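# Reading the structure
Listed below are the residues making up each chain.
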Amino acid sequence: MNQSELRRVFAIISHPDAGKTTLTENMLLAAGAIHAAGQVAARGQRRRTQSDWMKIEQERGISVSSSVMTFEHKDLIFNLLDTPGHEDFSEDTYRTLTAADCAIMVLDAAKGIEPQTLKLFEVCRLRDIPIITFINKLDREAQDIFDLLSEIEDKLALDVIPMQWPCASGRRFRGLTDLRTNAFLPFSSGGEHAEAIPFASGEMRAFIDDDQLYKECIEETDLAREYGEFKLASFLEGHMTPVYFGSALRKFGVLELINALAEIAPGPQPEKAMKNKQEIMINPTDKEVSGFVFKVQANMDPNHRDRVAFLRLCSGVFKRGMKLKTTENKTISVHNPILFFAQDREIADTAYAGDVIGVPNHGALRVGDSLSENGKIRFAGIPNFAPEILRRARLSDPLKAKHLRKALESLAEEGVTQLFKPAMGSDMIVGAVGSLQIDVMAERIKTEYGLEVAFESALYQTARWLSGDAKLIEAFAAKNQSAMAEDLDGAPVLLAKSAWDISYAQDKNPDIQFLKVKERL
């Protein structure tokens, strides 16, 4: 079997507090990748988890950066992409999902589909990513399960097929029935993994010591079988979602979820790309090594002030020491490629399509860069979205302006925020989707660069990229100099005080496009 066929690349998406980080921890624990899960629910220092390493994440108990973790299970190599759950980081999540072949959608059993779940699902739909649903927190009081499944069908327009069925929830929760094997998995609140027993057997009856509850479980499970059969082709096309249940905090149902991934999650998929101005498909089995950068992270290791590009390999067999080229013809010698396990790393001598490796570099690589042996392959670009918040960066010490510019440029290259240089004046304008991005940036500039920065309200509220005939854009820029800026790539940007200003500019200049989304080419 080709090595790439043994890879599974998946992301976990959820609304904040649905239990995504806990699930991540306990998947690693169940697969034997770690020996003790992080104390996610604890306070202070004990709140740290394997995948949340940034100081602000540890303080607030949320995930705001994307981590990559590799583990093995059932002779397969899993690359887990842990995405930010907070809506202010939806752009980072979008970029991460470009590198995933499958997603696990985590829902809180009491809350169902929450606003951020809906947003993240739409991102998956844009790429037709197959989705496995995990309904979490069954050890707490939950909504009616039939209602939950109806909500998924109605709000997400997905065919729902339960693969398991829970016996009650909260204090009455007794376990799960596997609808395909007819085995009942008894629940233990202590986290022990009990042996499965036959459904509707004397053993199950003895375990569920309440007549009414036992009868309820039998009836509901029989009703659940009427949802029909799971169809792999429909799942892979993104039309059907298999549903699993459990309690990540109690480690219940987690191993069964990993087994499901091993069984039904797709391996590395062909990727669209351009080569010599022709659209082609890059297959995992192609000989040439190629991949794209979906994330850049600086200072993961504060002792070394490092900068690592996360490269999703799409084809070929990568060997340590290889030279790869960007489409701008920059040559990158990859001497110390890294395989990740949150803060732990090891050098990768060989990597295959479907692997995610870290490429240490000093600013040579950016989010959206394509790498290949000949430098001629360009994968579909990773987009930037128009910021919803604009702030002016102001230093307490004006003599450190150069240091600030370097810090802001570095963070913009990582995709933490966007950076705009106005045509007039020396201010640097920072753009973000949400206010937490600004908080993270201020924290990182302080801890990593030693700069005290205030982010004040700018004159502008929104930005749009200009696209169209170069002469028309030049003429427009000359007339609107005070509102013009450039982004990190030097692309022209209109900074506007309101949506009305953008609408007015569009009406007056119908041959120029004012774009909300810009794909980096």
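For the structure, check the block above.
Figured I'd write up the structure that's included with this text. Just so it is clear, the model here is predicted, and its values are computed rather than measured.

## What to know about the sheet that holds strand E24 (residues 377-379)
- On the basis of which strands lie adjacent, the open sheet formed by three strands has the order E13-E12-E24 and antiparallel pairing. With partners counted over all chains shown, the strands left at the sheet margins are strand E13 (278-282) and E24, one partner each. Across this sheet, the average inter-strand angle for adjacent strands is 40 degrees, counted without regard to direction.
- With three bridges joining them, strand E12 (residues 271-275) and E24 adopt antiparallel strand pairing. Looking at the pairing, Met-274 lines up with Arg-378 of E24.

## Brief notes about the packing of helix H1 (residues 20-30) against helix H9 (residues 254-264)
- At a minimum axis distance of 9 Å, the contact between H1 and H9 shows a crossing angle of 80 degrees. Relative to H9, H1 is oriented roughly perpendicular. Each of Leu-23, Asn-26, Met-27 and Ala-30 in H1 lies in contact with H9, whose residues at this interface are Val-254, Leu-255, Leu-257, Ile-258 and Leu-261.
- Taken together, the residues of the contact of H1 with H9 sort by class into eight nonpolar, one polar and no charged.

## Looking at the nonpolar core
- Among the nonpolar cores identified, the biggest contains 71 residues, and Leu-81, Ile-135, Phe-294 and Phe-318 are the most heavily contacted of them.
- Setting aside residues up to four positions removed in sequence, Ile-135 forms contacts with Leu-107, Ala-109, Leu-148, Leu-149, Ile-152, Val-243, Tyr-244, Phe-245 and Gly-246.

## Description of the sheet that holds strand E10 (residues 197-198)
- Strand order in this open sheet of four strands is E7-E8-E9-E10, and the pairing throughout is antiparallel. Only two strands of the sheet have a single neighbouring strand rather than two, namely strand E7 (164-167) and E10.
- Here strand E8 (residues 175-178) pairs with strand E9 (residues 183-186) via four bridges, running antiparallel. Within the sheet, the bridge partner assigned to Leu-176 lies in E9 and is Leu-185.

## Remarks on the pairing of E9
- A two-sided burial pattern is seen for E9, the buried positions comprising Ala-183 and Leu-185 on one face and Phe-184 and Pro-186 on the other.
- Two successive antiparallel strands, E8 and E9, enclose a turn made up of four residues, where Asn-182 displays a positive phi of approximately 65 degrees.
- Here E9 runs beside E10; their pairing, made up of two bridges, is antiparallel. Across the sheet, residue Phe-184 finds its bridge partner in E10, namely Ile-197.

## A short note on unusual backbone geometry
- Unlike most non-glycine residues, Asp-75 shows phi in positive territory, near 65 degrees.
- Among the structural elements, Asp-75 can be located in the loop between strand E2 (67-73) and strand E3 (76-82).
- According to the relative accessible area criterion, Asp-75 is exposed, its value standing at 74%.
- Positive phi values are uncommon outside glycine, yet Lys-277 reaches one of about 65 degrees.
- Within the fold, Lys-277 resides in the loop between E12 and E13.
- For Lys-277, a relative accessible area of 79% corresponds to the exposed category.

## Examining the pattern of salt bridges
- With the rule as written, the count across this model stands at 20 salt bridges.
- Ionic pairing is found between Arg-394 and Glu-456, a salt bridge with its closest N-O pair at 2.3 Å. Taken as a pair, Arg-394 in strand E26 (residues 389-395) and Glu-456 in strand E29 (residues 453-457) lie far apart in primary sequence, 62 residues in all.
- Overall, the relative accessible area of 37% leaves Arg-394 in the partly exposed class.

## Side note on the state of the cysteines
- As enumerated under the stated definition, the model contains one disulfide in all.
- In this structure Cys-124 is not part of a disulfide, and its nearest cysteine sulfur, from Cys-102, lies 9.1 Å away.
- Take Cys-124: its relative accessible area is 1%, and that puts it in the buried class.

## Focus on H9
- In terms of residue burial, H9 counts as a mostly covered element, since eight of its 11 residues are buried.
- Those residues of H9 that fall on the buried side of the exposure criterion are Val-254, Glu-256, Leu-257, Ile-258, Ala-260, Leu-261, Ala-262 and Ile-264.

## As for the packing of aromatic side chains
- In this structure the tally under the stated criterion is 15 aromatic pairs.
- Centre to centre, the rings of Phe-10 and Phe-78 are 6.3 Å apart; their planes meet at 85 degrees, and the pair counts as edge-to-face. Placement of the pair is Phe-10 in strand E1 (residues 7-14) and Phe-78 in strand E3, with a sequence separation of 68 residues. There is no split in this pair, since Phe-10 and Phe-78 are both buried.
- When the centroid spacing of 5.3 Å and the interplanar angle of 15 degrees are considered together, the rings of Trp-500 and Tyr-504 count as stacked. Placement of the pair is Trp-500 and Tyr-504 together in helix H13 (residues 499-508), with a separation of four residues, close to one helical turn.
- On the accessibility criterion, Trp-500 (59% relative accessible area) is exposed.
- The class of Tyr-504 is partly exposed, set by a relative accessible area of 43%.

Each value, and the rule that gives it
- Residues numbered from 1 in each chain as written.
- Predicted model: local features only at pLDDT ≥ 70, side-chain atom pairs only at ≥ 80, totals over all residues.
- Heavy atoms only, no water.
- Pairing = 2+ DSSP bridges.
- Helix = DSSP H or I, 4+ residues; strand = E, 2+ residues; numbered from the N terminus.
- Axes fitted to C-alpha atoms, helices over the stretch in contact; angles between N-to-C directions.
- Parallel < 35°, antiparallel > 145°, perpendicular 65-115°, else oblique.
- Contact = heavy atoms within 4.5 Å.
- Nonpolar A, V, L, I, M, F, W, Y, C, P; charged D, E, K, R; others polar.
- Core = buried A, V, L, I, M, F, W, Y, C linked by side-chain atoms within 4.5 Å.
- Buried < 20%, exposed > 50% of the residue type's maximum accessible area, 1.4 Å probe, protein only.
- Salt bridge = Lys/Arg side-chain N within 4 Å of Asp/Glu carboxyl O.
- Disulfide = S-S within 2.5 Å.
- Phe/Tyr/Trp six-rings, centres within 6.5 Å; stacked < 30°, edge-to-face > 60°.

The analysis is restricted to geometry; functional conclusions fall outside its scope.
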